[in-house]
Structure formats: C-alpha cells, structure tokens
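Coordinates in review
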Amino acid sequence: SYLTRQLGDLRDAAKTITQVGPGIQLKVTGKDEISEVSNAFNTMSAALEKSHLEFKQAIDTQEKLALELKQNQSILKATIASAMDAVITTDRHGQVLEFSQSAERMFGYRRDEIVGKDLASFVVPEKFREAHRQGLKHFRETGEAPVLGQRLELPALHKEGHEFLSELTISSVEVGDDTVFTAFMRDISDTKRTEQELQLAAEAFDANEAIFITNQDAEIVRVNHAFTRITGYSADEAIGQKPSILSSGEHSKDFFDNMWQHLKQDGVWSGEIVNHR
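1. Things to note about the packing of aromatic side chains
- All chains considered together, the criterion is met by 7 aromatic pairs.
- Between the aromatic rings of phenylalanine 107 and phenylalanine 164, the centroid separation amounts to 5.6 Å while the plane-to-plane angle is 50 degrees, which identifies the pairing as tilted. With a gap of 57 residues between them, phenylalanine 107 in helix 3 (residues 101–107) and phenylalanine 164 in strand 4 (residues 163–175) connect regions that are remote in the sequence.
- The exposure class assigned to phenylalanine 107 is buried, which follows from its relative accessible area of 0%.
- Ring-pair connections join several aromatic residues into one group, and the members of that group are Phe99, Phe107 and Phe164.
- Between the NZ or CZ atom of arginine 222 and the centre of the ring of phenylalanine 205, over which it lies, the distance is 4.2 Å.

If you want it as structure tokens, here you go:
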C-alpha cells in the first residue's frame, strides 16, 4: 500500500505537469528509494519551472521586439511614402532593392519595373553610367566612397528620355555582411531655373532705366540706382511713398484713370508721362 500510494502520487504529479506546467512539488517524508525518486522529481520539476519561466520571458521579449519592429517598419514605410524626396535603395552592386512612390513620380517608372535591376541603366544618364559603376567597384574593393554624406547636384534621366537636374545625398548601412546604399533625390530643375530668372531680374533691375516697384497699395517698396540718378530721390526718400511724388500736375485725372484701367485689365500700360524731379 505504501509503495503504490507513493507511485500514485508520482503518476498524478506527472499528469499535472503535462496539464498545467512544471513547478509542482511532492511531499517527501521517508528516506527510502521511493523518497529519493520523489526528491529527484521535485528537483526536476523546479528546474523545469525555472526553464519554462525563462523561456516564456524570452518569448514575451521577442514578441515585444517583433511588435516594435513592425511598428517602426510601418512608420518608416509611411514616412518614405509621404516624403517629397525620391528614396532609392540599392545593394553594393547597384541592384535596386527599394523604389519609393516619390521616385515613381520623379522618374516615371513603376516600382515593379525597376526593383531588382541595375539602377544606372535607368536613372543615370548614359555619359555618367561608367563613372557610377566604377565608383561602386572602387567601394567593393577598398570600402571607400567619397560621395557618401555629400550633397551633390547631378543630372538624372527620366523614363521619357529627358534629363533634369537633381540634388542627391547617399548614405550607406551595413546589413550583415553586405552594404546597402540609400539615395535621397529631389528635382531641383525648377529651383535652378527660378534662381537664374531672379539673377537675370536682379541684373535687369540695375539697368540704366529708372525702375521702381510698388505693392498692391501703390506704395514704393524698391527702386534702383538709375531711379535715384534720374529723379533725384534716394531709396530712403522714395520707399513708402506713392508714385505721386513724381507728379508734375500736367496730366488730367482721366489720364491716370485710363492708366489704372489698363493695368487692372491687361496687367500692363505703356505711355509717356511728364514727371517732376
């Protein structure tokens, strides 16, 4: 009876472990062989409980990290998708790994048309492709890439065949034993065109003809040097005044009404005015 009772307790404890997990402890009172088996069972159960707890904690940690990774990936994906700059990722051989929506809009290619293919063959103008490939080869051989972290202005090629000026920044990231490159690009052709137009306008503003600019309230906001030379009014004297400071009194109200009517309707008026220095 003693033997079967002890063995029955061991059997029941083993079943409990399979159902609710390790940690159960048997009551041991004797010092015989059955008691030694029960003590060994208790040691095993405690060790299993500790291992089970550590394993559960590891699983919880992994699940938490996986959730954070998924959240970060979603944030990164949303950020890249909404970015105005084109984001292009390649491996060390120049094969496209990622092509953002902004890149699709900028270059005219769909993502599935270019991912997995040689970037230089699509967006780099032909005259620069060899230099691009030699730069990648130099990096693979030496680990040196002078263009990394630099802000460059380089021509880029659209799918339709026309070139446009782009601003480019490249960064590298070590992924295992490989290196991936991420390029951030923006089309600056309009910006450059605007800068050139502003430069031309500035040069024209310094012409020999007197020029003054007013706001919508007809208050002078800027004059050039020729204005001061011809009218005698310095910039400080003229700015904030109305053009009527030049009025000679030799023109009727109808004359100026006609001028403003043309300005409002056509945006331009041309004629002769007698002004007063």
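Here the narrative resumes, following the displayed structure.
2. Some details on the pairing of strand 2 (residues 96–99)
- Pairing of strand 1 (residues 86–91) with strand 2, which is carried by 3 bridges, proceeds in the antiparallel orientation. Residue pairing in the sheet places threonine 90 in a bridge with valine 96 of strand 2.
- As consecutive antiparallel partners, strand 1 and strand 2 are separated by 4 residues, and within that stretch glycine 94 has a phi angle of approximately 90 degrees, a positive value.

3. What about the sheet that holds strand 3 (residues 151–157)?
- Taking strand neighbours across the sheet as the criterion, the 5 strands line up as 2-1-5-4-3 in an open arrangement whose pairing is antiparallel. Looking at the sheet topology across the chains shown, the edges are occupied by strand 2 and strand 3. Along the sheet, successive strands turn relative to each other by an average axial angle of 30 degrees, direction set aside.
- This element, helix 6 (residues 126–142), spans strand 3, strand 4 and strand 5 (178–187) of the sheet and lies at about 145 degrees to strand 5.

4. As for the environment of asparagine 215
- Here asparagine 215 is to be found in the loop between strand 6 (212–214) and strand 7 (220–223).
- Considering only alpha carbons, one finds asparagine 215 and isoleucine 188, 27 residues apart in sequence, at a separation of 29 Å.
- Of note is the side chain of asparagine 215, whose polar atom sits 3.0 Å from the backbone nitrogen of glutamate 219.

5. Quick notes on the layout of surface pockets
- Roughly 870 Å³ of internal volume is contained in the largest pocket.
- For the lining of the largest pocket, the element with the most residues is helix 10 (residues 253–266), which contributes 4 residues.
- Classifying every residue of the lining of the largest pocket gives 17 nonpolar, 10 polar and 3 charged.
- Lining the second largest pocket we find 30 residues, and of these His132, Val147, Leu154, Leu168 and Ile170 sit closest to its centre.
- Within the residue set of the lining of the second largest pocket, elements represented by two or more residues are strand 1, helix 6, strand 3, strand 4 and strand 5.
- Among the elements that line the lining of the second largest pocket, the one with the most residues is helix 6, at 7 residues.
- Residue composition of the lining of the second largest pocket, by class: 22 nonpolar, 7 polar and 1 charged.

What counts as what
- Residues numbered from 1 in each chain as written.
- Predicted model: local features only at pLDDT ≥ 70, side-chain atom pairs only at ≥ 80, totals over all residues.
- Heavy atoms only, no water.
- Phe/Tyr/Trp six-rings, centres within 6.5 Å; stacked < 30°, edge-to-face > 60°.
- Helix = DSSP H or I, 4+ residues; strand = E, 2+ residues; numbered from the N terminus.
- Buried < 20%, exposed > 50% of the residue type's maximum accessible area, 1.4 Å probe, protein only.
- Lys NZ or Arg CZ within 6 Å of the ring centre and 35° of its normal.
- Pairing = 2+ DSSP bridges.
- Axes fitted to C-alpha atoms, helices over the stretch in contact; angles between N-to-C directions.
- Contact = heavy atoms within 4.5 Å.
- Polar contact = N/O pair within 3.5 Å; in protein donor to acceptor, adjacent residues only side chain to side chain.
- 1 Å grid on protein atoms, 1.4 Å probe; cavity = no way out; pocket = protein on both sides within 12 Å on 5 of 7 lines; lining within 4 Å.
- Points joined across faces, edges and corners; volume = space filled by probe spheres on them.
- Nonpolar A, V, L, I, M, F, W, Y, C, P; charged D, E, K, R; others polar.

Shape is all these values report; function is a separate question.
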